Amino acid sequence: GAHISAITNQDVPTSPPQNVSASFISSSSIIVQWSPPPKDKQNGVIKYYSVLMEELFSNTTFNYNTTDLYITIEDLHPFYVYEFNVVAVTIGNGPVAANTFQMPEDVPSESPTNLVASSITSTSAILVWSP
């Protein structure tokens, strides 16, 4: 019998990237990584991954595109919460994989100011300052 083969057109992925996780480099740097969508849900050649990062305190967003399965982001705020939305892109965006991470704490970046001592005795003093 005759053997017929055909190639269908590409479509957008029907599954999001898998296993979005984070590794903290420091209190202000993070590596976010993921796995590709399952092969049978990619529906074409993945051109790149689009990563939307939202800082939840101020609702500030940043968008990054990469062909890698990870992204390193620096200059983040210690202890702030960030949401990452990752999509695979073929001829268009596939579904979103989302995960939220809180940056580690760090020591304060500045010393207290306006330090004033009052009611000073030989055994005590009242100290008042601004954060």
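Since this is a predicted model, take the numbers as computed values, not measurements.

### Quick notes on the pairing of strand β6 (residues 81-89)
- Buried residues dominate β6, accounting for seven of its nine residues.
- Sheet topology note: the strand β3 (residues 48-55)/β6 ladder contains eight bridges and is antiparallel. Within β6, the position partnered with Y49 by the bridge is A88.
- Bridging between β6 and strand β7 (residues 97-102) involves six bridges; their strand directions are antiparallel.

### Points about the nonpolar core
- In this structure, I30, V32, W34, I73, L76 and F84 are the most contacted members of the largest nonpolar core, which totals 18 residues.
- Top element by residues in this core is β6. It accounts for four residues.
- Sequence-distant contacts of F84, defined by excluding residues within four places in its chain, comprise I30, V32, V51, L52, M53, I73, A97, A98, N99 and F101.

### Structural notes on the sheet that holds β6
- Spatially, the four strands line up as an open sheet ordered β4-β3-β6-β7, and their pairing is antiparallel. Among the strands making up the open sheet, the edge pair consists of β4 (60-66) and β7. The mean inter-strand angle of the sheet, taken between neighbouring strand axes irrespective of direction, is 20 degrees.

### Comments concerning the side chain of S15
- Mapped onto the secondary structure, S15 falls in the segment before β1 (18-24).
- Look at S15 and you get buried, because its relative accessible area is 11%.
- Reaching out from S15, the side chain makes a polar contact with the side chain of Q18 at a distance of 3.3 Å.
- Setting aside residues no more than four positions away along its own chain, S15 makes contact with P37, P38, K41 and P95.

### Concerning the environment of I30
- Of note, I30 is situated in strand β2 (residues 30-35).
- Look at I30 and you get buried, because its relative accessible area is 0%.
- Each C-alpha atom, one on I30 and one on I71, is 8.2 Å from the other, the two residues being 41 residues apart in sequence.

### Description of the sheet that holds strand β5 (residues 70-73)
- Strand order across the open sheet formed by three strands is β1-β2-β5, with antiparallel pairing between neighbours. Lying at the two open borders of the sheet, with one neighbouring strand each, are β1 and β5. Direction aside, the axes of adjacent strands within the sheet are offset by 15 degrees on average.
- Here β1 pairs with β2 via five bridges, running antiparallel.

Rules and cut-offs
- Residues numbered from 1 in each chain as written.
- Predicted model: local features only at pLDDT ≥ 70, side-chain atom pairs only at ≥ 80, totals over all residues.
- Heavy atoms only, no water.
- Buried < 20%, exposed > 50% of the residue type's maximum accessible area, 1.4 Å probe, protein only.
- Helix = DSSP H or I, 4+ residues; strand = E, 2+ residues; numbered from the N terminus.
- Pairing = 2+ DSSP bridges.
- Core = buried A, V, L, I, M, F, W, Y, C linked by side-chain atoms within 4.5 Å.
- Contact = heavy atoms within 4.5 Å.
- Axes fitted to C-alpha atoms, helices over the stretch in contact; angles between N-to-C directions.
- Polar contact = N/O pair within 3.5 Å; in protein donor to acceptor, adjacent residues only side chain to side chain.

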